[in-house]
Amino acid sequence: MSNLQTIVGYQATDKKLLLIEKELAATDEKKKYAQARKFLKSAQTALEGYENKAISLTGELSRMETHYNNIVEQLKDFSEIDYAELEENEGELAYLKKNALALAETLKALKKDLTAVKEKIETVEKEYKALKKQTIVMQKQYREYKEKYTAVAEGKEAEMQVIRQQLEELEKQIPPAVLERYKNKRKEGVWPVLCQLKGDRCGVCSMDLPRAAISELSEKGFIECENCHRLIYKE
Ligand SMILES: [Zn+2]
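Because the structure is predicted, anything quoted here is derived from the model rather than measured.

Thresholds, definitions, all that
Residues numbered from 1 in each chain as written. Predicted model: local features only at pLDDT ≥ 70, side-chain atom pairs only at ≥ 80, totals over all residues. Heavy atoms only, no water. Helix = DSSP H or I, 4+ residues; strand = E, 2+ residues; numbered from the N terminus. Expected span 1.5 Å × (residues − 1). Bend = angle between axes of the 7 residues up to and from the residue. Donors = N, O, S within 2.8 Å, 3.2 Å for Na, K, Ca; no water. Tetrahedral: all angles 85-135°; square planar, octahedral: opposite > 155°, others 65-115°. Buried < 20%, exposed > 50% of the residue type's maximum accessible area, 1.4 Å probe, protein only. Domains from an automatic or database assignment. Pairing = 2+ DSSP bridges. Axes fitted to C-alpha atoms, helices over the stretch in contact; angles between N-to-C directions. Parallel < 35°, antiparallel > 145°, perpendicular 65-115°, else oblique. Left-handed = near helix turned anticlockwise from the far one by under 90°. Contact = heavy atoms within 4.5 Å. Core = buried A, V, L, I, M, F, W, Y, C linked by side-chain atoms within 4.5 Å.

Draft legend 1. Looking closely at helix 4 (residues 90–171). Its 82 residues give helix 4 an end-to-end C-alpha distance of only 104 Å, which falls more than 12% under 122 Å, the value for a rise of 1.5 Å per residue. Along helix 4, the sharpest change in direction is near 45° and occurs at E157.

So, in structure tokens, the structure goes:
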């Protein structure tokens, strides 16, 4: 068998394996397993995000409360002033009044900000709890479907093992460099990896191939399509 026939035959055998892989990937067990795995991966980051947000908001709330209490204390001082003594000093009275009013305004604004931060904390806690609840559901789905999928995959294992052995036998007859290129493309999801030249075009994507490339075909055995990156051969 020539190198070309061997690798074309290799792809035909590999196709059997690919079909089983596709069949497994399309099962409900695999889909639910993959869905849960994907969810859990992103949920972990999201939960950590909520935790960090809650910590920073709680810190902000605590700083605001301290500020608020300071102002309440300052306002208290105003109530302890003996205003009867100041009756004669209009300038001082006006000054004190102005300060007291400014403090009262600050207090009002702070109260509003405090409410806003408390609301934010409540929202974060609510979202965190909802996500946590969903995470628990998904953890259950993950465990359940991982087990189910493993059982389904094991059911196909013997059949796949026979094909893998056939492939291993064929691999011995394929030049290592060609085999490596084939395997890399297969891993990248290129399928079919090998295709026939059709006229002057790629057999899969129909891209026109340069004359110089086609003349390399008989010498090299394969050329790579610049468009779809498949390995093109001539029968
Ligand atoms: Zn192509």
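Resuming the write-up.
Draft legend 2. Looking closely at the coordination of the zinc ion. Coordination of the zinc ion by the protein is provided by C202 (SG), C205 (SG), C225 (SG) and C228 (SG), with metal-donor distances spanning 2.2 to 2.4 Å. Taken together, the 4 donor atoms coordinating the zinc ion and their angles of 103 to 115° define a geometry best described as tetrahedral. By relative accessible area, C228 is classed as buried at 15%.

Draft legend 3. Focus on the domain arrangement of the chain. Taken domain by domain, the chain comprises domain 1 (20–173) and domain 2 (175–235). For domain 1 versus domain 2, the distance between C-alpha centres works out to 51 Å.

Draft legend 4. How the structure looks around the environment of A104. Note that A104 resides in helix 4. For the pair A104 and L75, spaced 29 residues apart in the sequence, the C-alpha separation amounts to 7.8 Å.

Draft legend 5. Quick peek at the sheet that holds strand 2 (residues 201–202). Taken in spatial order, the 4 strands of this open sheet run 2-1-4-3, and their pairing is mixed. Across the chains shown, the open sheet's two edge strands, defined by having one partner strand only, are strand 2 and strand 3 (223–224). Judged from the 2 bridges that link them, strand 1 (residues 194–198) and strand 2 form a sheet pairing that is antiparallel. Along strand 2, the bridge assignment pairs K198 with R201.

Draft legend 6. Quick look at the packing of helix 2 (residues 28–79) against helix 4. Where helix 2 contacts helix 4, the axes come no closer than 6 Å and their chain directions differ by 165°. Classed by the angle they form, the pair helix 2 and helix 4 counts as roughly antiparallel. Crossing of helix 2 over helix 4 shows left-handed handedness.

Draft legend 7. The arrangement of the side chain of K185 in detail. Among the secondary structure elements, K185 is positioned in helix 5 (residues 176–188). On the basis of relative accessible area, K185 is assigned to the buried category, the value being 8%. Setting aside chain neighbours within four positions, we find K185 in contact with V190, V193, E224, H229 and L231.

Draft legend 8. Main features of the nonpolar core. Ranked by size, the top nonpolar core spans 22 residues in total, and within it I7, Y10, L24, I174, Y182, L194 and F222 carry the most contacts. Each of domain 1 (20–173) and domain 2 (175–235) gives at least three residues to this core. Counting 15 residues, the second largest nonpolar core, distinct from the first, contains I71, F78, L107 and V124.

Draft legend 9. Summary view of unusual backbone geometry. At the junction of W191 and P192, the peptide bond is cis and its omega measures out at -5° in the coordinates. Its location among the elements puts P192 in the loop between helix 5 and strand 1. Of note, the phi angle at S206 is positive, near 65°, even though the residue is not glycine. Topologically, S206 is positioned in the loop between strand 2 and helix 6 (211–220). Taking relative accessible area as the criterion, S206 reaches 41% and is therefore assigned partly exposed. In this structure, H229 is a non-glycine residue whose phi angle is positive, near 60°. Examined against the element boundaries, H229 turns out to sit in the loop between strand 3 and strand 4 (231–233). Residue classification places H229 among the partly exposed positions, given a relative accessible area of 38%.

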